[in-house]
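# Working through the structure, step by step
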Amino acid sequence: MAVAGAHHLRQRDFVHLADIKPRPNAYIAWERRRHRQAHWLVECLAEFMGVFFYVYAGVGSTATFLLSSVAQMNGLGSLFQIGTAYALGILFALIVCAPTSGGHFNPAVTIAFTLLKRCTWKKALRYIVAQILGAYIACLLIYVQWKDLIGEVTLLLEEAGKLDAVMFTSNGPAGVFALYVPHGTNLGRVFLNEFVCDFVIGLVIWACLDPTNFSASPVAAPWIVSFVYAVMVWGYSPVGVATNAARDVGSRLMAMTIWGTAASGGSYAAIAALTNIPATLLAVVFYEFVLADSSRVITPAHADFLAGHLAHEEHSQGVVRGGSVSPIDEKSQEQTIEHV
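Structure report, in brief. This is a predicted model, so every value here is computed, not measured.

### Comments concerning the overall build of the chain
- Scanning the chain from N- to C-terminus turns up 15 helices and zero strands.
- Across the 340 residues that make up the chain, the buried fraction comes to 45%.
- Just so you have it, the chain exposes about 17,300 Å², and 63% of that area is on carbon and sulfur atoms.

### So, the nonpolar core
- Core analysis: the biggest nonpolar cluster contains 56 residues, and Val55, Val59, Leu67, Phe177 and Tyr229 have the highest contact counts within it.
- Of the residues forming this core, the biggest block, nine residues, is contributed by helix H3 (residues 39-70).
- In this structure Val55 touches Gly60, Ala135, Ala138, Cys139, Ile142 and Arg247, once residues within four positions along its chain are discounted.
- If you look at the next biggest cluster of nonpolar residues, it comprises seven residues, including Val181, Val190, Ala242 and Tyr268.

### Here we look at a nonpolar patch on the surface
- Taken together, the side chains of Val285, Phe286, Phe289, Val290 and Leu291 define a hydrophobic patch exposed on the protein surface, amounting to about 490 Å² of accessible area.
- Here Leu291 is to be found in helix H14 (residues 276-291).

### Notes on the packing of aromatic side chains
- This model, assessed by the stated rule, comprises twelve aromatic pairs.
- Measuring from centroid to centroid gives 5.8 Å for Tyr143 and Trp259, while their planes differ by 90°, and the two rings are edge-to-face. Of this pair, Tyr143 sits in helix H7 (residues 121-145) while Trp259 sits in helix H12 (residues 245-259), placing them 116 residues apart in sequence.
- Note on Tyr143: relative accessible area 13%, which makes it buried.
- We classify Trp259 as partly exposed; its relative accessible area is 22%.
- Here Phe199 and Phe286 contribute two aromatic rings whose centre-to-centre distance is 6.0 Å and whose plane-to-plane angle is 65°, an arrangement assigned as edge-to-face. One end of the pair, Phe199, is in helix H10 (residues 187-209); the other, Phe286, is in helix H14, and 87 residues separate them in sequence.
- Through a chain of ring-to-ring contacts, three or more aromatic side chains come together here, namely Phe48, Phe52 and Tyr56.
- The ring of Trp40 carries Arg126 above its face, with NZ or CZ at 4.5 Å from the centroid.
- Seen from the ring of Tyr180, Arg252 lies directly overhead, with NZ or CZ sitting 5.6 Å from the centre.

### A short note on unusual backbone geometry
- In this structure, Lys117 is a non-glycine residue whose phi angle is positive, near 65°.
- Here Lys117 lies in the loop between helix H6 (107-115) and H7.
- Notably, Thr243 is not glycine yet its phi reads approximately 70°, a positive angle.
- Examined against the element boundaries, Thr243 turns out to sit in the loop between helix H11 (221-236) and H12.
- The buried category is assigned to Thr243, whose relative accessible area is 6%.

### Some details on the pattern of salt bridges
- Under the defined criterion, the tally for this structure stands at three salt bridges.
- Between Glu43 and Lys123 there is a salt bridge; the shortest N-O distance is 3.4 Å. Note that Glu43 is positioned in helix H3 and Lys123 in helix H7, a separation of 80 residues in sequence. Both residues of the pair, Glu43 and Lys123, count as buried.
- A salt bridge links Arg296 to Asp210, with the nearest nitrogen and oxygen atoms 4.0 Å apart.

### Description of H10
- A rise of 1.5 Å per residue sets the reference length of H10, with its 23 residues, at 33 Å; its end C-alpha atoms lie 32 Å apart and thus fit the reference within 8%.
- For H10, the side-chain oxygen to backbone nitrogen distance between the N-cap and Gly188 is 2.9 Å, and the N-cap itself is Asn186.

The rules we used
- Residues numbered from 1 in each chain as written.
- Predicted model: local features only at pLDDT ≥ 70, side-chain atom pairs only at ≥ 80, totals over all residues.
- Heavy atoms only, no water.
- Helix = DSSP H or I, 4+ residues; strand = E, 2+ residues; numbered from the N terminus.
- Buried < 20%, exposed > 50% of the residue type's maximum accessible area, 1.4 Å probe, protein only.
- Areas by Shrake-Rupley, 256 points an atom, 1.4 Å probe, with all protein chains shown as cover.
- Core = buried A, V, L, I, M, F, W, Y, C linked by side-chain atoms within 4.5 Å.
- Contact = heavy atoms within 4.5 Å.
- Patch = residues over 30% accessible without salt bridge, like charges linked within 9 Å, V, L, I, M, F, W, Y side chains within 5 Å.
- Salt bridge = Lys/Arg side-chain N within 4 Å of Asp/Glu carboxyl O.
- Phe/Tyr/Trp six-rings, centres within 6.5 Å; stacked < 30°, edge-to-face > 60°.
- Lys NZ or Arg CZ within 6 Å of the ring centre and 35° of its normal.
- Expected span 1.5 Å × (residues − 1).
- Polar contact = N/O pair within 3.5 Å; in protein donor to acceptor, adjacent residues only side chain to side chain.

Below, the structure is given as structure tokens:
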């Protein structure tokens, strides 16, 4: 376990932003409070924004494709576009928000970190609430932005006598936000589809987190994770795939806010919301016990990445390498870096 002031990474000199960029006293006071009292709020806001990026990009692209198709404005979207949008949304989330929160953006990942003692249950609960809320707000904003066209499509379907049949399906207005499968679909096969896709995603995520993986540097990892999600959307979304409980629960709650309990999704809702959790946990166990090897060496890129996190933790707590600790927080040397 890596502990500030007690790790085995090669010591080196770091230049912190505070060393070269003057900051107003008010900002310095806020940072001091953020590092001590408000760190949990900042981390939750980062998780909120990360899921917001992911959902806002993916669901917005879905709205373009689905609504334009129903309105017979063909050529405005495709399944490839939707998968790419989700990938870019995840990429933006990891680049913008992961340095602050650790970049979970998925309740299954948060639960896995918690079971591995890299996150407390209290923090996990806060993260999961923030993640679901991020998806909810993203979908609500998309609904407001697309409300005029949603209204037009709803009217077209009603005039054609198709509204009741398609409203709460993947081809209806509610299907822009919440996930549905056609009536009569074999839910066992849908579960298998979801489980396998989520298992593969979990393996790729854990491979990118492995500091001994020379093929997945910290710079490449966000791209790799983004495109494994895109591959699952491109290949398996027609069968029914959610990949993320926060995305599913948040968007479904938003659909129910607008259209009531009829938008709940029935029995499929449980598969979409919960399957990725055991699938991800199984992927973590498989990777840790089969693919990982503690005898491997940490790559230079990961060593720098980990050392940078440790240096940030020590600096924010007032720890001085080779010296004394700021009297503001004498226990700072005992703090564990949860992102490492």
